[in-house]
Every structure is written in structure tokens, then in C-alpha cells.
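Working through the structure, step by step
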Amino acid sequence: MTSAPARRLLLSVHDVSPAHAERISRLTEVIERRAGESPFAMLVVPDFHGGWPLAAHPAFRAWLRARADAGVEMFLHGLRHLDESRHATAMSRWKAGVMTAGEGEFLGLDRAEADRRLRDGRAELEDIIGRPVAGFVAPAWLYGPGALAAIAAQGFALAEDHFKVWRPSDGRVLARGPVITYATRTPARLASSLMVSRAATLGLRRLTNLRLAVHPHDVESPAVMREFERALAHYGSYRRISRYADLAA
């Protein structure tokens, strides 16, 4: 008789950049207070909005290297986290305008430009952390055809969107289920994301792999931080906080 697979909790901090250094420090303190030295992931943007190049912030670079040495998984999270594309289809325009506030950088890129940004961002981040990146996650979890082709060709170990984690080299899906995250742009989005997070406590209980993601501006909402800590405590009571790499293993 085979035993049921262990249920995992995968934690990620998005938009890691010197632009948000103080907010990210506060988020990691919350995670480590609730989860101890358990592993989690940081999604790093090499030049946030084109105004925060990592090369200009040596102290932050050293901090990233120290976190990677301590076991934090480092994912490339775009190059600038800013959508500068002209979107050709109505669906892409809808995604760019509704699903994110102009930050879906990889939604409208052609293959050549996606290749270039991936190469440049990956080379810089791997030079900083001294090891391969754990994978790639597009800003706002939005991918266009050019981005999907580029990440597959470049051999990233892992990628994720709103509903799955997969291996780009062969398309194999390693985890299914929605990522739990929080929206603070408007009161309605905030209320909706809090409701979804609470409902997920029961609704997603049977998932083998559950993903929970936070963003720097979440720390500015006391309601989000209360819910995030509640969710961490609840899921941590019956799930193993795990690395994304465990999915491939």
C-alpha cells in the first residue's frame, strides 16, 4: 500500500529589487518568524522599471548573495518588470490592462527580444548569486508566445504562471492549482483577494502543492499582513514548507 504524497507549501517573494529593499526585508522577517529557516523563493528583477539596476547597489547585491548562500531559491523575474509592448490582440490588451498595472513585461515581446532580456537578466543574476537561477517567472505571471519559446530554448529549470509550475524544456507540468496572492491596488481588489485567501484554507486543502506569493507593497496593508500571517500559520501546521526544486525531484 503506497502512502499519499507529502503536501507542500511553496512560498515566494516577488519584485525583489533595491527599489523595495525595506519592504522586502519586512516580508522576509515575517516569513522567517512564522516558518523559521525553511526555504522560500525570491523573484529578482535586475533593473526594476528601468531605474534600479542591481549594478548600482552593491550592498543589495551582497545581500542577495548571502540569501542565496543561506538556501533561498533565486528566480529571474523579468528584466525591468515594465510592459513596453504594443499588444496585437484584444486578449493581450485585456490582460495587460486588467491583470496587471502595466507590468506584464513578457506578455507582448517577440522571440528575439524575449531571448535578449532573458540572457541579460540571467547572466547578471547568476553572476551575483554565484550559481544557476532556480528558474524564470514572468512579471504578473503573463507570458506571450515569444516568451514561452525563449524560456524553453534557454533551458530554464522551472517556470510558473497563475495555475501551474512546469519544466520549460519539455513542458512537463510539475504542480497544478492557483497561486494564492494579494491585490492592493483598489479596495475591491483587496477585499476580493482576502476573501479568496480565506476560502482557499478549505477549498485548496487537498492540493498536493500549494503556492503562496507576496509582493513588496503588501506590507503597507495591515489587513493583508494579518491574512498572510494567518495563512502561513495555518498551512504550516499540516504542510511541509518546501523548495520549488523539490517538485522536479
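Next up on the list: the overall build of the protein. Counting secondary structure elements, the protein contains eight helices and 12 strands. Here the protein holds 249 residues, and 50% of them are scored as buried. Pairs at least 24 apart in sequence give 72% of the contacts found in the protein among residues at least 6 apart. Of the roughly 11,300 Å² that the protein leaves accessible, carbon and sulfur atoms contribute 55%.

Only a minority of non-glycine residues have a phi that is not negative, and only a minority of peptide bonds are not trans. Phi at Asp15 takes a positive value of approximately 60°, unusual for a residue other than glycine. Relative to the helices and strands, Asp15 is located in strand 1 (residues 8–16). Phi is positive for Ala140, close to 60°, though the residue is something other than glycine. Within the secondary structure, Ala140 is located in the loop between strand 6 (135–136) and helix 5 (145–153).

Before going further, it helps to spend a moment on the packing of helix 4 (residues 111–129) against helix 5. Two elements in contact, helix 4 and helix 5, have axes separated by 8 Å at closest approach and are oriented at 50°. What the angle tells us is that helix 4 and helix 5 run oblique. Relative to helix 5, the crossing made by helix 4 is right-handed. Across the interface between the two elements, Arg111, Ala114, Asp115 and Leu118 of helix 4 pack against Gly146, Ala147, Ala149, Ala150, Ile151 and Ala153 of helix 5.

What follows concerns the packing of aromatic side chains. Enumeration over the complete set of coordinates arrives at seven aromatic pairs. Between Tyr143 and Trp166, the ring centres sit 5.4 Å apart and the planes meet at 65°, which makes this aromatic pair edge-to-face. Here Tyr143, found in the loop between strand 6 and helix 5, pairs with Trp166, found in strand 8 (residues 164–167); they are 23 residues apart in sequence, far enough to count as distant. You can call Tyr143 buried: its relative accessible area is 11%. These aromatic residues form a ring-pair network of at least three members: Phe106, Phe136, Tyr143, Phe156 and Trp166. Its end group placed over the ring of Trp166, Lys164 keeps NZ or CZ at 4.8 Å from the ring centre. Positioned over the ring face of Tyr238 is Arg205, at 4.1 Å from the centre of the ring.

Cut-offs applied
Residues numbered from 1 in each chain as written. Predicted model: local features only at pLDDT ≥ 70, side-chain atom pairs only at ≥ 80, totals over all residues. Heavy atoms only, no water. Helix = DSSP H or I, 4+ residues; strand = E, 2+ residues; numbered from the N terminus. Buried < 20%, exposed > 50% of the residue type's maximum accessible area, 1.4 Å probe, protein only. Contact = heavy atoms within 4.5 Å. Areas by Shrake-Rupley, 256 points an atom, 1.4 Å probe, with all protein chains shown as cover. Axes fitted to C-alpha atoms, helices over the stretch in contact; angles between N-to-C directions. Parallel < 35°, antiparallel > 145°, perpendicular 65-115°, else oblique. Left-handed = near helix turned anticlockwise from the far one by under 90°. Phe/Tyr/Trp six-rings, centres within 6.5 Å; stacked < 30°, edge-to-face > 60°. Lys NZ or Arg CZ within 6 Å of the ring centre and 35° of its normal.

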